[in-house]
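This is what each chain is made of:
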Amino acid sequence: TVNTNTNPETTASATNTNTNSKDLGPFQQQTPTEITLLTLNVNGIRSALENGLLQFLQDNPHDILVATELKLSEKSIPGIRQALSQQYTTVEIHAGHNSSGVLIASKLDEEPVFTTGMPHVDSTVEEPRVLTASFHLTLIVIVAVYVPFNNPKTANRDIYAATFRQRLY
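Here the structure is a predicted model, which is why all the values come from computation and not from measurement. (Residues numbered from 1 in each chain as written. Predicted model: local features only at pLDDT ≥ 70, side-chain atom pairs only at ≥ 80, totals over all residues. Heavy atoms only, no water.)

Engineer: Please give an account of the overall build of the protein that cites residues and values.
Structural biologist: Scanning the protein from terminus to terminus reveals five helices and nine strands. The helix and strand sequence of the protein, counted from the amino end, reads β-α-β-β-α-α-β-α-β-β-β-β-β-α. Expressed as a percentage of its 169 residues, the buried residues of the protein come to 37%. Look at the contacts in the protein between residues 6 or more apart in sequence, and 60% of them connect residues 24 or more apart. When the accessible surface of the protein is summed, it comes to about 10,300 Å², and 49% of that surface belongs to carbon and sulfur atoms. (Helix = DSSP H or I, 4+ residues; strand = E, 2+ residues; numbered from the N terminus. Buried < 20%, exposed > 50% of the residue type's maximum accessible area, 1.4 Å probe, protein only. Contact = heavy atoms within 4.5 Å. Areas by Shrake-Rupley, 256 points an atom, 1.4 Å probe, with all protein chains shown as cover.)

Next comes the structure, spelled out in structure tokens:
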């Protein structure tokens, strides 16, 4: 749970009458004071949905979902987005390769700005691993990262995984 309360009237001491607050017009929108975030490694989102993921999400209240290891092809994205749209106002999926992929879904009224990948960190075509959601009214940025596993059975995977981590940090 993240506390997003930045309202000077509720954070200033009761004896302090000089709050320096300004009218921000449309940016003075009511935002939640707490946001709950649920993160899951789903190890294949199609299988997770078939095995009750939607019910699990409903039974575990949260505002934002971050899911990794989607194992989702490009052609499957619209169907998954539609299934998750039953519970979320925005759903963004960065996938297209059957071994990785990340998503961020939100129940907040605000539509975030999504960006995919990070410079010099992930290949957005071969292994989509980084997705960012920037909420401007709520003043929070969520970065979903699916860090590669250093699989000793895959040639040069140790180099790829180490390089990914180094560039991410």
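Following the structure, the description resumes.
Engineer: So what's going on with helix α4 (residues 77–84)? Which residues, and what values?
Structural biologist: Of all the residues in α4, the buried ones are I77, I80, A83 and L84. Axial view of α4: buried residues confined to an arc of 130 degrees, hence all on one face. With respect to the buried face of α4, the exposed residues turned more than 90 degrees away are P78 and Q82. Looking at the buried side of α4, the elements it contacts are α2 (45–50), α3 (53–59), β5 (90–94) and β6 (102–106). (Arc of directions from axis to C-beta.)

Engineer: I'd like a description of the sheet that holds strand β3 (residues 37–41), backed by residues and values.
Structural biologist: Reading across the sheet, the four strands line up as β3-β4-β6-β5 and stay open at both edges, with mixed pairing between neighbours. Sheet topology places β3 and β5 at the edges, where each strand pairs with a single neighbour. Within the sheet, the average angular offset between the axes of one strand and its neighbour, ignoring direction, is 10 degrees. Each of β5 and β6 is contacted by α4, which is oriented at about 150 degrees to β5, the strand it contacts most. (Pairing = 2+ DSSP bridges. Axes fitted to C-alpha atoms, helices over the stretch in contact; angles between N-to-C directions.)

Engineer: Describe the confidence of the model for the protein, listing the residues and the values that go with them.
Structural biologist: Model confidence for the protein is summarised by a mean pLDDT of 82, while 77% of its residues fall at 70 or above. Of the regions scoring below 50 in pLDDT, residues 8–20 engages in five contacts with residues more than four places distant in sequence or in other chains. (pLDDT = per-residue confidence, 0-100.)

Engineer: Mind laying out helix α5 (residues 157–168), listing which residues take part and the relevant values?
Structural biologist: Working note: α-helix, 3.6 residues per turn, so residues spaced by three or four point in the same direction. If you check α5, its first and last C-alpha atoms are 16 Å apart, about what 12 residues at 1.5 Å a residue would give, namely 16 Å. When we look at burial in α5, the residues that qualify are R157, A161 and F164. For α5, the arc enclosing every buried residue in end-on projection is 65 degrees, short of the 170-degree limit, so these residues lie on one face. Turned more than 90 degrees away from the buried face of α5, the exposed residues are I159, Q166 and R167. (Expected span 1.5 Å × (residues − 1).)

Engineer: Got a sec to walk through the pattern of salt bridges? Specific residues and values, please.
Structural biologist: Per the stated rule, a full pass over the model turns up one salt bridge. Residue K71 pairs with E69 through a salt bridge whose shortest N-O separation is 3.7 Å. By relative accessible area, K71 is classed as partly exposed at 28%. Overall, E69 belongs to the buried group, its relative accessible area being 13%. (Salt bridge = Lys/Arg side-chain N within 4 Å of Asp/Glu carboxyl O.)

Engineer: Tell me about the environment of I35, and name the residues and values.
Structural biologist: Locating I35 in the fold gives a position in strand β2 (residues 34–35). What makes I35 buried here is its relative accessible area of 1%. Residues I35 and H62, 27 residues apart in the sequence, show an inter-C-alpha distance of 7.5 Å.

Engineer: Lay out the sheet that holds strand β7 (residues 113–116) with the relevant residues and their values.
Structural biologist: Whenever strands of a sheet pair, they do so through backbone hydrogen bonds, lying parallel or antiparallel. Spatially, the three strands line up as an open sheet ordered β7-β8-β9, and their pairing is antiparallel. Whereas interior strands pair on both sides, the edge strands pair on one side only; in this sheet they are β7 and β9 (140–145). Recorded for the sheet is a direction-independent mean angle of 15 degrees between the axes of neighbouring strands. Pairing between β7 and strand β8 (residues 130–135): four bridges, direction antiparallel. Opposite F114, over in β8, you have A133 as the bridge partner.

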